Structures are given as structure tokens and as C-alpha cells.
Amino acid sequence: MNTFSHRIAPAVNAELHAAARCDAAGHAQQAFRHLECAHVLGQSSTVHHVRAHWQMLRWAWQQRDARESRGQVMRLIGAATKTALGWVPSGNTGGADASPFKPMPVPAELHAEIEAAKQP
């Protein structure tokens, strides 16, 4: 794992844990929002990008959401093969409802976490 991956890991992990807590409490949509945040935070790291999509796929499977499941399978393949090449649209939330090629604005609090992780 590179330096960015190490530095962004606590923020990604916090979002993944928050998603798990929301899911356990029966708040599925709130859980998915945390998964989207984990995706935005970690999308420049192959490891974290794949982790976010894997958790999104698990969420979609649990929700019996076929559209989201299909979308996440495709995004998992893309995350595993394209992230290291830098072929990721900044800020994209990673859900099947968003084009996998469309950049999106990064929320200020997530942008601050990303920029801090990029610092030497």
C-alpha cells in the first residue's frame, strides 16, 4: 500500500464502520451514504476503491437490489483494473445511479480528508 493509502485508511475505515452500524440498526439508505463517502475518500487507492465497491455490492445483495448489484460488479472490475492508471472520476459516489465516468463535486469535509492524506 502506498503512502496515500495508509494515510486515508482511517477515514475510509471510519465510513465503512459507520455504514455497518447503520446497516445493523436497519438504516439501509444511511448505510449506503456512508459507503459512498468511503468510495469518494478511497477512490485514488486501488485497495480502498475495491473495498468500497465490495461493500456496496454486499449492501446491494442484502437489499436484493439487482440493478445496484449489477452496477457494483462492473464497478468492482473497473476499480481493480483502472484505479492504478488514474482512470477514476474525482468525487464520483460509486453507486449504480451515477455514471462511472462522471466526475462529481467532492464535499468539503471529504476534500479536506483527501488533501490531508496527500500531504508528505
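From a predicted model like this one, the values you see are computed outputs, not experimental measurements.

Student: It is not clear to me how the overall build of the protein chain should be interpreted in this structure. Could you clarify?
Tutor: For the protein chain, the count of helices and strands is 5 helices and 0 strands. Whereas a compact globule of 120 residues would reach a radius of gyration of roughly 14 Å, the protein chain reaches 13 Å, a difference of no more than 12%. Dimensions of the protein chain along its principal axes, counting C-alpha atoms only, are 40 × 30 × 25 Å. Counting across all 120 residues of the protein chain, residues that qualify as buried make up 41%. In the protein chain, the share of contacts with a sequence separation of at least 24, taken over all contacts with a separation of at least 6, comes to 59%. A total of about 6,800 Å² of accessible surface is found on the protein chain, and carbon and sulfur atoms cover 59% of it. Taken as two groups, the 12 positive and 9 negative side-chain charges of the protein chain have centres that lie 6 Å from each other.

Student: Explain a nonpolar patch on the surface here, please?
Tutor: Together, Val-73, Met-74 and Ile-77 make up a nonpolar patch on the protein surface, roughly 300 Å² of accessible area in all. Note on placement: Met-74 falls in helix α4 (residues 66-82). With a relative accessible area of 56%, Met-74 lands in the exposed category.

Student: Would you mind showing me how to read the pattern of salt bridges here?
Tutor: Two side chains bearing opposite charge may form a pair once their charged atoms approach each other closely. Following the criterion strictly, the structure yields 1 salt bridge and no others. Residues Glu-115 and Lys-118 are paired through a salt bridge, measuring 3.6 Å at the closest nitrogen-oxygen approach. Highlighted residues: Glu-115 and Lys-118, both in helix α5 (residues 108-118), separated by 3 residues, approximately one helical turn. Since its relative accessible area comes to 28%, Glu-115 is described here as partly exposed. With a relative accessible area of 48%, Lys-118 lands in the partly exposed category.

Student: Even after reading the chapter, I still don't get the environment of Ala-60, so can you show me in this structure?
Tutor: Take Ala-60: it is sitting in helix α3 (residues 46-63). Sequence-wise, Ala-60 and His-48 are 12 residues apart; in three dimensions their C-alpha atoms are separated by 18 Å.

Each value, and the rule that gives it
- Residues numbered from 1 in each chain as written.
- Predicted model: local features only at pLDDT ≥ 70, side-chain atom pairs only at ≥ 80, totals over all residues.
- Heavy atoms only, no water.
- Helix = DSSP H or I, 4+ residues; strand = E, 2+ residues; numbered from the N terminus.
- Rg over C-alpha atoms; globule rule 2.2 N^0.38 Å.
- Buried < 20%, exposed > 50% of the residue type's maximum accessible area, 1.4 Å probe, protein only.
- Contact = heavy atoms within 4.5 Å.
- Areas by Shrake-Rupley, 256 points an atom, 1.4 Å probe, with all protein chains shown as cover.
- Lys, Arg positive; Asp, Glu negative; His and termini not counted.
- Charge placed at Lys NZ, Arg CZ, Asp CG, Glu CD.
- Patch = residues over 30% accessible without salt bridge, like charges linked within 9 Å, V, L, I, M, F, W, Y side chains within 5 Å.
- Salt bridge = Lys/Arg side-chain N within 4 Å of Asp/Glu carboxyl O.

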